[in-house]
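Observations on the three-dimensional arrangement
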Amino acid sequence: MKTSDFNFELPQELIAQTPIEKRDASRLLVLDKNSGAWEHRHFYDLPDYLHKGDCLILNDSRVLPARLLGQRLPGGGACEVLLLIDRGDKTWECLVRPGKHLRRGARLSFGDGELTAEVTEVLEGGNRLVKFNYEGIFLEVLDRLGKMPLPPYIKEELQDRERYQTVYSKVVGSAAAPTAGLHFTEELLQKVQKMGVKVGYVTLHVGLGTFRPVKEDDITDHLMHSEYCVIPQETADLINETKKNGGRVICVGTTSCRTVESWAGEDGTMRASAGWTNIFIYPGYKFKVLDALITNFHLPESTLIMLVSALAGRENVLRAYKEAVRERYRFFSFGDAMFIH
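Let us look at the structure shown here. No experiment lies behind these values; they were computed from the predicted model shown.

Procedures and definitions
- Residues numbered from 1 in each chain as written.
- Predicted model: local features only at pLDDT ≥ 70, side-chain atom pairs only at ≥ 80, totals over all residues.
- Heavy atoms only, no water.
- Helix = DSSP H or I, 4+ residues; strand = E, 2+ residues; numbered from the N terminus.
- Rg over C-alpha atoms; globule rule 2.2 N^0.38 Å.
- Buried < 20%, exposed > 50% of the residue type's maximum accessible area, 1.4 Å probe, protein only.
- Contact = heavy atoms within 4.5 Å.
- Areas by Shrake-Rupley, 256 points an atom, 1.4 Å probe, with all protein chains shown as cover.
- Lys, Arg positive; Asp, Glu negative; His and termini not counted.
- Charge placed at Lys NZ, Arg CZ, Asp CG, Glu CD.
- Pairing = 2+ DSSP bridges.
- Axes fitted to C-alpha atoms, helices over the stretch in contact; angles between N-to-C directions.
- Core = buried A, V, L, I, M, F, W, Y, C linked by side-chain atoms within 4.5 Å.
- Phe/Tyr/Trp six-rings, centres within 6.5 Å; stacked < 30°, edge-to-face > 60°.
- Lys NZ or Arg CZ within 6 Å of the ring centre and 35° of its normal.

Let us look at the overall build of the protein chain. Secondary structure assignment for the protein chain yields 6 helices and 17 strands. Taking 2.2 N^0.38 as the reference for a compact globule, 341 residues should give roughly 20 Å; the C-alpha atoms of the protein chain span a radius of gyration of 21 Å, in line with that estimate. The principal-axis extents of the C-alpha atoms in the protein chain amount to approximately 65 × 40 × 40 Å. Across the 341 residues in the protein chain, those meeting the buried criterion constitute 53%. By sequence separation, contacts in the protein chain at least 24 residues apart represent 70% of the contacts at least 6 residues apart. Counting every atom, the protein chain has about 15700 Å² of accessible surface; 47% of that belongs to carbon and sulfur. Across the protein chain, the 43 positively charged side chains and the 46 negatively charged ones have centroids separated by 1 Å.

Written as structure tokens, this is what we have:
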């Protein structure tokens, strides 16, 4: 299967640059994964498609304000550091700019010296290990000095940082938001729970690899990035109970989907787990746990459009995307949503 099989025409103006005013007022394209039939709705209509006994699985990861803008020492030239992975001992694996000036031993300052750092190692592939020096709690310093690491296709400055967080986010560690969850309000979650739909949480810390294009012609040659994820015991129990009672497991976002599919047994039994996953889901994959998916509209030729094509069929997905373009849906992180069932 070729990467080009997952291409589609997307006018640039359909890439959403800002979140809409009300989270659940975004549009919702409801796609039947078997027939390929679709309906045009709004996200607040989601309860119409849920049944008592279903469960929603949400990713409670919270985005780190991981983008730091500062100066190089002693010269004062501008620099940018993007935190990727906490390696312990105040050291993070980072992306840096300008790379040619940030070699081993380079010293950096952020927030008039409130936070300083030194590049301790240049890794294969170009990432850096950066050791930070600060007073107090690092996450609080980051909260003051850091900016949200918005995806490269968003050019507008974000006015309210909380709009790039889900209302249920709590475990800090993502470099990008699990965006399917951005449409939920607390009221909508309460409404579905009152209907008898259970809600369970997993954690997958989204890495920037999620935006990495597939460069190989044959998709099976693509090397998938790794991300850290956790399934608590209570969520594993909820999934097993839902399956036993004939309910559907509905994942909110590709990150929740990849988490449960990574750790499910071949028979669909879920167990509490934690670790790194590099699962790559593309057409031909047999889902072990997931029955339905809430997701945004994804980039052409991305691993994410391949994942939704594994669930609903490539032809169905590309037809639905063509319809979404025709109907002027908003695409990507701040865009509209799909419910594939």
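Resuming the write-up.
Glancing now at the sheet that holds strand β8 (residues 107-110). Strand order in the closed barrel made by the 6 strands is β5-β6-β7-β10-β9-β8, with antiparallel pairing throughout. Mean inter-strand twist for the sheet, computed between neighbouring axes without regard to direction, equals 45°. Pairing geometry for strand β6 (residues 78-88) and strand β7 (residues 91-97), over 7 bridges, is antiparallel. Each bridged residue has a counterpart across the sheet, and for Val81 the counterpart in β7 is Val96.

Let's shift gears to the nonpolar core. Core analysis: the biggest nonpolar cluster contains 64 residues, and Ile57, Met270, Tyr321 and Phe331 have the highest contact counts within it. With 7 residues, the single largest contributor to this core is helix α5 (residues 303-312). In this structure, Tyr321 is in contact with Phe8, Asn296, Phe297, His298, Ile305, Val308, Phe331 and Met338, ignoring residues within four places of it in sequence.

This part is about the environment of Leu115. Its location among the elements puts Leu115 in strand β9 (residues 115-122). In this structure the C-alpha to C-alpha distance between Leu115 and Glu135, which are 20 residues apart in sequence, comes to 8.1 Å. Leave out the neighbours within four places in its chain, and Leu115 touches Leu68, Leu108, Ser109, Phe110, Phe132, Asn133, Tyr134, Phe138, Val141 and Leu145.

All right, on to helix α4 (residues 254-263) then. Counting buried residues along α4, 9 of its 10 residues qualify, which places the element largely inside the surrounding structure. The set of residues buried in α4 consists of Thr254, Thr255, Ser256, Cys257, Arg258, Thr259, Val260, Glu261 and Trp263.

Moving on to α5. Burial analysis of α5 places 10 of its 10 residues in the buried class, the great majority of the element. Immediately beyond the C-terminal end of α5, within one or two residues, lies Gly313, with a positive phi of roughly 90°.

Right, let's talk about the sheet that holds strand β13 (residues 227-231) for a bit. Sheet architecture is open: 9 strands sit in the order β2-β1-β17-β16-β14-β3-β12-β13-β15, paired in mixed fashion. Edge positions in the sheet fall to β2 (38-42) and β15 (273-277), since each of these pairs with one other strand and no more. Put simply, the sheet's adjacent strands are angled 20° from each other on average, direction ignored. Sheet topology places strand β3 (residues 55-59) next to strand β14 (residues 249-252); 3 bridges connect them, and they run parallel. Bridging from a neighbouring strand, Cys55 pairs with Val249 of β14. In this fold α4 packs onto β3, β12 (198-204), β13, β14, β15 and β16 (292-296), with an angle of close to 70° to the strand it touches most, β13.

A few words now on the packing of aromatic side chains. Within the structure shown, the criterion is met by 18 aromatic pairs. Relative to Phe331, the ring of Phe297 has its centre 5.0 Å away and its plane inclined at 45°; by these criteria the two rings are tilted. Here Phe297 is found in the loop between β16 and α5, whereas its partner Phe331 is found in the loop between α6 (314-326) and β17 (337-340), with 34 residues between them in sequence. Across the pair, exposure class does not vary: Phe297 and Phe331 are buried alike. Site record: aromatic cluster; members linked through ring pairs are Phe8, Tyr153, Phe297, Tyr321, Tyr329, Phe331 and Phe332. Geometry around Tyr329 places Arg27 over its ring, the cationic atom sitting 4.0 Å from the centre.

Every second residue of β13 is oriented toward a common face, the buried set being Glu227, Cys229 and Ile231 and the non-buried set Tyr228 and Val230. Here β12 runs beside β13; their pairing, made up of 2 bridges, is antiparallel. Residue pairing in the sheet places Thr203 in a bridge with Val230 of β13. Strand direction decides the pairing type here: β13 and β15, joined by 5 bridges, are antiparallel. The residue bridging Ile231 from the neighbouring strand is Ser273, located in β15.

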